[in-house]
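# Structure assessment
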Amino acid sequence: MPEGGFRALEERLLSAGIAPRHVRRLVMELASHHESLVEEEVGRGQPIEVARSVARDRLGTDDEIVRKVLEQPGLRSWGARWPLTICGLAPLLGLAASAVAILATLAAALEINDHMHTGWATDTRGIASWVRHGTEGIGWLIMYGLPVLCSLALAQYAATRRLRRFWPITGFVMTAALGAATNVTVIWPGPGVRGLLSGGLGFSSWDAMTTFGTRWLITLILAIGVYCLMGHRPRVVHHA
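## Looking at the nonpolar core
Judged by nonpolar contacts, the single largest core of 19 residues is most densely connected at F6, L9, L13, L30 and V69. Breaking this core down by element, the ones donating at least two residues are α1 (7–15), α2 (20–43), α3 (48–59) and α4 (62–70). Examining the composition of this core, we find that seven residues originate from one element, α2, more than from any other. When near neighbours in sequence (up to four residues on either side) are disregarded, V69 contacts L13, I18, L26 and L75. Counting residues in hydrophobic clusters, the runner-up holds 12 residues, among them C87, A155, A159 and L220.

Written out as structure tokens, the structure is:
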């Protein structure tokens, strides 16, 4: 393999929008072909260093290889082909679908427990504290955890595919906004208190707007910070 392998070529292909799995496959094929050419040149009596140089020349320059690869648009990653859909809409749909699924599961579990333990509807003293806290924690997971997880997943995707910074940052802003606008309320029933499980979007007061801004900013800072750290990691080609 050439000195330094094909790291520069890998980076150029990733930056050009080629999916990591195709880059990995191409680099493995080039490395294998290069070794075969080196053996061929050594068999002709060339010194090993000369054989390696000649083999690399026979493979073609990085410019030529990149140009040929880019002639196959099907090798580009989804993020490179549809950046707004993948970076903007997909995280929003993932966040919304996850929140709805968690709320639906929680509502079904509580409904089943209501039928099994009819006394819970008016007296919750028999409920284990971890059940109460766990249920209330699910609300916090939806409001705070899911937006961060979706943003971090987008950061990982964008960093490994070298997408233009504009697209993931746009996705971070939109995902953080949707997460900050999401409200979940879990109230256990008790004497004189009606149980409540609800979820929705929006804010109705200045305090709610302040909370929205704080949640939005925290999620955005975390996502951009992780994204920047990933951008400075040693470059490794990942499966796509």
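## A short note on α3
Spanning 12 residues, α3 covers 17 Å between terminal C-alpha atoms, matching the ideal 16 Å at 1.5 Å per step. Considered for burial, the residues of α3 that qualify are A51, A55, R56 and L59. The buried residues of α3 occupy an angular sector of 130° when the element is viewed end-on, so they sit on one face. Relative to its buried face, α3 has exposed residues pointing more than 90 degrees away, namely E49 and D57. Looking at the packing, one finds that the buried side of α3 touches α2 and α4. Positive phi shows up at G60, right after α3, with a value of about 105°.

## Remarks on the packing of α2 against α3
For the pair α2 and α3, interaxial distance at closest approach is 8 Å and the crossing angle is 130°. Regarding the angle of α2 to α3, the classification is oblique. Note on packing geometry: the crossing formed by α2 with α3 is right-handed. Mapping the contact onto sequence places L30, H33, H34, L37, V38, E40, E41 and V42 in α2 and I48, A51, R52, V54, A55, R56, R58 and L59 in α3. Considering only residue class, the contact of α2 with α3 consists of nine nonpolar, two polar and five charged.

## Section: the side chain of R215
Its location among the elements puts R215 in helix α9 (residues 206–231). Under the relative-accessibility criterion, R215 is labelled buried at 7%. Within the local environment of R215, its side chain forms a polar contact with the backbone oxygen of T182, the two atoms lying 2.9 Å apart. In contact with R215, other than residues within four places in its own chain, are M143, Y144, G179, A180, T182 and N183.

## As for the pattern of salt bridges
All told, the structure shown has nine salt bridges when counted by the stated rule. Two residues, D63 and R12, come together in a salt bridge whose shortest N-O distance is 2.6 Å. A residue pair is termed long-range when its members are at least 10 positions apart, and D63 in helix α4 and R12 in helix α1 qualify at 51 residues. Its relative accessible area of 44% is what places D63 among the partly exposed residues.

## What about the packing of aromatic side chains?
As enumerated under the stated definition, the model contains three aromatic pairs in all. Between the aromatic rings of F172 and Y227, the centroid separation amounts to 5.8 Å while the plane-to-plane angle is 70°, which identifies the pairing as edge-to-face. Of this pair, F172 sits in helix α8 (residues 166–181) while Y227 is found in helix α9, placing the two residues 55 residues apart along the sequence. Comparing F172 with Y227, the two get one shared label, buried. The ring of Y144 has R215 sitting right over it, with the charged end atom 4.9 Å from the ring centre.

So, how was this worked out
- Residues numbered from 1 in each chain as written.
- Predicted model: local features only at pLDDT ≥ 70, side-chain atom pairs only at ≥ 80, totals over all residues.
- Heavy atoms only, no water.
- Core = buried A, V, L, I, M, F, W, Y, C linked by side-chain atoms within 4.5 Å.
- Buried < 20%, exposed > 50% of the residue type's maximum accessible area, 1.4 Å probe, protein only.
- Helix = DSSP H or I, 4+ residues; strand = E, 2+ residues; numbered from the N terminus.
- Contact = heavy atoms within 4.5 Å.
- Expected span 1.5 Å × (residues − 1).
- Arc of directions from axis to C-beta.
- Axes fitted to C-alpha atoms, helices over the stretch in contact; angles between N-to-C directions.
- Parallel < 35°, antiparallel > 145°, perpendicular 65-115°, else oblique.
- Left-handed = near helix turned anticlockwise from the far one by under 90°.
- Nonpolar A, V, L, I, M, F, W, Y, C, P; charged D, E, K, R; others polar.
- Polar contact = N/O pair within 3.5 Å; in protein donor to acceptor, adjacent residues only side chain to side chain.
- Salt bridge = Lys/Arg side-chain N within 4 Å of Asp/Glu carboxyl O.
- Phe/Tyr/Trp six-rings, centres within 6.5 Å; stacked < 30°, edge-to-face > 60°.
- Lys NZ or Arg CZ within 6 Å of the ring centre and 35° of its normal.

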